[in-house]
Amino acid sequence: MRFVSFSKNFSVIFQIPKSLSAMSWAGPEDIHLSTSLASYLDKKLLVLLRDGRKLLGILRSFDQFANAVLEGACERVIVGDLYCDISLGLYVIRGENVVLIGELDLEKEELPPHMTRVSETEIKRAQKVEREATDLKGSMRKRMEFLDMD
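What you are looking at is a predicted structure, and each value in this text was computed from that prediction instead of being measured.

What counts, and where the lines are drawn
- Residues take numbers from 1 onward in each chain, read along the sequence in its written order.
- Confidence filtering applies because this is a predicted model: local features only for residues at pLDDT of at least 70, side-chain atom pairs given and counted only at 80 or more, and all residues used for totals across whole chains, interfaces and linings.
- With hydrogens and water set aside, each side-chain value is computed from the structure's full complement of heavy atoms.
- Definition used for salt bridges: Asp or Glu carboxyl oxygen within 4 Å of a side-chain nitrogen of Lys or Arg.
- A 1.4 Å probe rolled over the protein chains alone gives each residue an accessible area, and that area as a share of the maximum for its type sets the label: buried under 20%, exposed over 50%, partly exposed in between.
- Numbering of helices and strands runs from the N terminus, with a helix taken as a DSSP run of H or I at least four residues long and a strand as a DSSP run of E at least two residues long.
- Side-chain atoms alone can form a polar contact between residues adjacent in sequence; in general such a contact is a pair of N or O atoms within 3.5 Å, and within protein one must be able to donate a hydrogen while the other accepts it.
- In this description, contact between two residues means that some pair of their heavy atoms is separated by no more than 4.5 Å.
- DSSP calls a pair of strands paired once it identifies at least 2 bridges connecting them.

S.K.: Requested: an account of the pattern of salt bridges, with residues and values cited.
M.R.: All told, the structure shown has 6 salt bridges when counted by the stated rule. The salt bridge partner of Arg76 is Asp85, with a shortest N-O separation of 2.7 Å. The same class applies to Arg76 as to Asp85, namely buried. Between Arg94 and Glu96 there is a salt bridge; the shortest N-O distance is 3.2 Å. Salt bridges here are not isolated pairs; linked through shared partners, they connect Asp42, Arg60 and Glu71.

S.K.: Before we move on, can you summarise the side chain of Arg76 with the specific residues and values?
M.R.: Looking at the element boundaries, Arg76 is found in strand S5 (residues 68–79). Among the residues examined, Arg76 registers a relative accessible area of 10% and is labelled buried. A distance of 2.7 Å separates polar atoms of two side chains, one belonging to Arg76 and the other to Asp85. Residue contacts for Arg76: discarding those within four places in its chain leaves Lys54, Leu56, Tyr83, Cys84, Asp85, Glu110 and Leu111.

S.K.: Describe the sheet that holds strand S6 (residues 82–93), and please don't skip the residues or the numbers.
M.R.: With mixed pairing, the 6 strands of this open sheet are ordered in space as S7-S3-S4-S5-S6-S8. Among the strands making up the open sheet, the edge pair consists of strand S7 (98–103) and strand S8 (116–117). Here strand S4 (residues 54–62) runs beside S5; their pairing, made up of 7 bridges, is antiparallel. Note on S5: the bridge partner recorded for Leu56 is Cys74.

None of the figures reported here should be taken as evidence of function without further support.
Here it is as structure tokens:
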């Protein structure tokens, strides 16, 4: 089993005895993860994160932990029928935060025609209004549960 180790500006290849290679942490499942992400290299992707954010960009690099580097990345924020792409540039994503990765079809329209593109300040304002409405709905529900006496 051969490994490549990178140090400063050069690489060193070293051999591990077969008796130790069975103790390796990397198993066949890790190879499948790497090869599946390898098919997405240099393609435009949509990445859904655990916190609900949606990132778009071109996959330039990844590792065995699904950490990924997106070039020309932007965050797509959608509120109702409004959307905005907030530019992020070169973006590193920690693999444990990734829920879904999918390739975008460049020939198809990305969004339905009824969606309206707005500025970053307008989408932030719409997010704030939506958040306040959700908070109000939650507090009203708590009040209603208090009145429910079975």
